[in-house]
Amino acid sequence: MADMSASASLALTHLVPLAKEFDEDKVTPGVLGFIVFAALALAVWGLMKSMNRHMGRVNFAEADDQQPDAATPDTGKSTA
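Presented here is an overview of the structure given in this document. (Residues numbered from 1 in each chain as written. Predicted model: local features only at pLDDT ≥ 70, side-chain atom pairs only at ≥ 80, totals over all residues. Heavy atoms only, no water.)

### Description of the overall build of the protein
Argument step 1. For the protein, the helix and strand inventory stands at two helices and zero strands.
Argument step 2. For the protein, the residues scored as buried account for 1% of the 80 residues in total.
Argument step 3. For the protein, the exposed surface amounts to about 8,100 Å²; the carbon and sulfur share of it is 62%. (Helix = DSSP H or I, 4+ residues; strand = E, 2+ residues; numbered from the N terminus. Buried < 20%, exposed > 50% of the residue type's maximum accessible area, 1.4 Å probe, protein only. Areas by Shrake-Rupley, 256 points an atom, 1.4 Å probe, with all protein chains shown as cover.)

This is how it looks when you write it as structure tokens:
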């Protein structure tokens, strides 16, 4: 802890009495982690709504273009 800044040390001394058992090795995400997670969740929700809207506009019916091409007759001979 010798390389901590004065403000970090002061903040730590004020936070330690608030916690009954402060474990220096324990890492918690805190408020910033929650905000980032919530923003990612909202982004995924928005993308899912957009994807559903776009998939609803897609026409899945195939065109009836099953006529053989007259310019290239199939003789059954392989060129390979």
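### Description of a nonpolar patch on the surface
Argument step 1. A cluster of nonpolar side chains, contributed by Val44, Met48, Met51, Met55, Val58 and Phe60, occupies part of the molecular surface with about 590 Å² of accessible area.
Argument step 2. Its location among the elements puts Val44 in helix 2 (residues 30–57). (Patch = residues over 30% accessible without salt bridge, like charges linked within 9 Å, V, L, I, M, F, W, Y side chains within 5 Å. Salt bridge = Lys/Arg side-chain N within 4 Å of Asp/Glu carboxyl O.)

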